Amino acid sequence: MSATTRRTLLAASLAVAAAVPLALPTPALAGIASDTAFLKSMGDQLVAVVNGPGTQAEKQAKLQALVDKGVDVEGIARFCLGRFVRLATPQQLATYIKLFHGVLMRSITGHLGEYKGVGFTVDKSAPGDGGTIVTTTITRPNNAPAKVQWVIDQVDGQPKIEDVIAEGTSMRLTQQSDYAGFIAQNNNNIAALIGAMQKQAENQPGA
Amino acid sequence: MPASRRLLATAALLLPALAGCATVPQNPEARAYYHQINDPLEPTNRVFYVVNDALDTVLLKPLALAYHYGTPEFFQHGVHNVLSNLDTPVVLANDMLEGNPRRAGDTLMRGLINTTVGLVGIFDVASGWGYPKHSADFGITLAVWGVPAGPYLYLPVFGPSSPRGVLGIGGNYALDPFSWFGRGYVVQDFGFTRSGLTAVDTRAGYLSDLDKIKAQALDPYATLRSLYRQHRQAEIDAAMHDETWTVPDWYPQPAK
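Attention in this report is confined to the structure presented alongside it.

## What to know about the interface of chain B and chain A
On the side of chain A, 24 residues touch chain B, which itself brings 19 residues to the contact. Both sides of the chain B and chain A interface together cover about 1,800 Å² of buried area, and 50% of this is carbon and sulfur. For the chain B face of the interface with chain A, the top three residues by lost area are B:Glu29, B:Leu218 and B:Gln230, together amounting to 36%. Connecting chain B to chain A are one salt bridge. The partner of B:Glu29 in a salt bridge is A:Arg86, with the nearest N and O atoms 2.6 Å apart. For the interface between chain B and chain A, the tally reads nine residue pairs in polar contact (both at pLDDT 80 or more). Within the residue set of the side of chain B that touches chain A, elements represented by two or more residues are helix 2 (28–37), helix 3 (42–70), helix 11 (207–216) and helix 12 (220–240) of chain B.

Here it is, written out as structure tokens:
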């Protein structure tokens, strides 16, 4: 390689390096800031409900309202059904999404008591797969601090929580594996999954 | 620990004998899923899952419950800390093999501090002094070196694993100085006690988590497979992108 080519290459790479920050659309950066603020506000409200006064039923109702407002329940439900979203009939899909809403609420509100005294700090935010990834540290009395990441994406112009990644394990990915495994074990029959979810809902009422 | 070696040998002999392979689906999407889960031995793995689950229900879980509710919490913490302190040589060796000198430094300091000030490891003083605990084992080391995990394996007794995981178990055993000593009764009893306590301590640590998974998952086998792989990948990522500072907490920190 001649000296000139090297210099040209160097100049070119410097130009590219200089241009990259300019090329980054500013809305993306603004998006990260607003997504982080959204998560912080959601987290503060969740913590206030969990640690605040009120009966178990009152707290569950408040949490349900928060989840409906800030979590993309339908999007997560569709993700968890994986390729079977396209294979399900519209009616199956509607029933499934309704049942999934119950699954999500039960898994959040079912262990309310364990989260007494919970606190969190926002550590950093970065763009990632499927939206902004906000990294937080969750503290609970008598528990080691846990690193929990939240995936935030825009749904109809509103920021929504799409996934929770606790110590490297993604909630929606794990749930998707569960459903995919179950459907595969039942001859790829979506009705079997819906039946099992219905049975689960009957056995664990309260949400 | 000759017992665990015998167990591994038995498992290695049993596996091909029981190897029922899943049939590759014809449907392109189903085939993509089949390759994505990378579990060609699924029928056999599910058998071992059921066997392990039964063993757990009648043996390990009751032991762990008795241990959890029958002994004081400070005792359980002490046992856990002593066991994890005994792993120091293996963790240190793997930190170095992974090319993580900062993590190796943490491990060395943890071992020195906890063995002395922490009274043979009963108290984890080092964590409070800025030397936090981290995971390192030969399976992670192989992953850092670029060895692929291979298909999913559900091992008898050991549980979720992979061919790389099996090599990892062997590598850890070879790297453990406690496995180099003689074969006397004292050494053997120490080995058995340590393995037994490790099993109970580990199981006690997962009591509520495993109960939740079994209660909520529709296919606990597939859920555990996913959780195991994700957790393993997170440990490998942490080992590959080590962000530990050279200086401990109590020393003025460099600007990030």
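## Section: the packing of aromatic side chains
Residue and element names in this part refer to chain B. According to the stated counting rule, one finds eleven aromatic pairs over all chains in the structure shown. Between the aromatic rings of Tyr-49 and Tyr-154, the centroid separation amounts to 5.5 Å while the plane-to-plane angle is 80°, which identifies the pairing as edge-to-face. Pair noted here: Tyr-49 is in helix 3 and Tyr-154 is in strand 1 (residues 153–155), with a separation of 105 residues, a long-range link. The same class applies to Tyr-49 and to Tyr-154, which are both buried. An aromatic cluster is built from Tyr-49, Tyr-152, Tyr-154, Tyr-221 and Tyr-228, whose rings are joined through pairwise contacts.

## As for the side chain of B:Gln230
As for its placement among the helices and strands, B:Gln230 is situated in helix 12. On the basis of relative accessibility, which here comes to 11%, the residue B:Gln230 falls in the buried class. Polar side-chain contacts of B:Gln230 include one of 2.5 Å to the backbone nitrogen of A:Ser170. Not counting residues up to four positions away in its chain, the partners in contact with B:Gln230 are A:Gly168, A:Thr169, A:Ser170, A:Leu173 and A:Thr174.

## Quick notes on the pattern of salt bridges
Any two side chains of opposite charge can pair, given that their charged atoms come close. Summed over the entire model, instances satisfying the criterion amount to 17 salt bridges over all chains. Of the charged contacts, one joins A:Lys40 and A:Asp44 as a salt bridge, the two residues approaching to 3.1 Å between their closest N and O atoms. Of this pair, A:Lys40 and A:Asp44 both sit in helix 2 (residues 26–51), separated by four residues, roughly a single helical turn. Judged by its relative accessible area of 39%, A:Lys40 falls in the partly exposed class. Here B:Asp211 and B:Lys61 are joined by a salt bridge, their closest N and O atoms 3.1 Å apart.

## A closer look at empty space enclosed by the protein
Residue and element names in this part refer to chain B. Going through the model one piece at a time under the given rule, you end up with two cavities of 30 Å³ or more. A volume near 30 Å³ is recorded for the second largest cavity. Taken together, Gly-139, Ser-162, Arg-164, Gly-165, Tyr-228 and Arg-232 make up the lining of the second largest cavity. Of the residues assigned to the lining of the second largest cavity, the class counts are one nonpolar, three polar and two charged.

Scoring rules and cut-offs
- Residues numbered from 1 in each chain as written.
- Chains lettered and ligands numbered in written order.
- Predicted model: local features only at pLDDT ≥ 70, side-chain atom pairs only at ≥ 80, totals over all residues.
- Heavy atoms only, no water.
- Contact = heavy atoms within 4.5 Å.
- Buried area = accessible area lost by both parts, 1.4 Å probe.
- Salt bridge = Lys/Arg side-chain N within 4 Å of Asp/Glu carboxyl O.
- Polar contact = N/O pair within 3.5 Å; in protein donor to acceptor, adjacent residues only side chain to side chain.
- Helix = DSSP H or I, 4+ residues; strand = E, 2+ residues; numbered from the N terminus.
- Phe/Tyr/Trp six-rings, centres within 6.5 Å; stacked < 30°, edge-to-face > 60°.
- Buried < 20%, exposed > 50% of the residue type's maximum accessible area, 1.4 Å probe, protein only.
- 1 Å grid on protein atoms, 1.4 Å probe; cavity = no way out; pocket = protein on both sides within 12 Å on 5 of 7 lines; lining within 4 Å.
- Points joined across faces, edges and corners; volume = space filled by probe spheres on them.
- Nonpolar A, V, L, I, M, F, W, Y, C, P; charged D, E, K, R; others polar.

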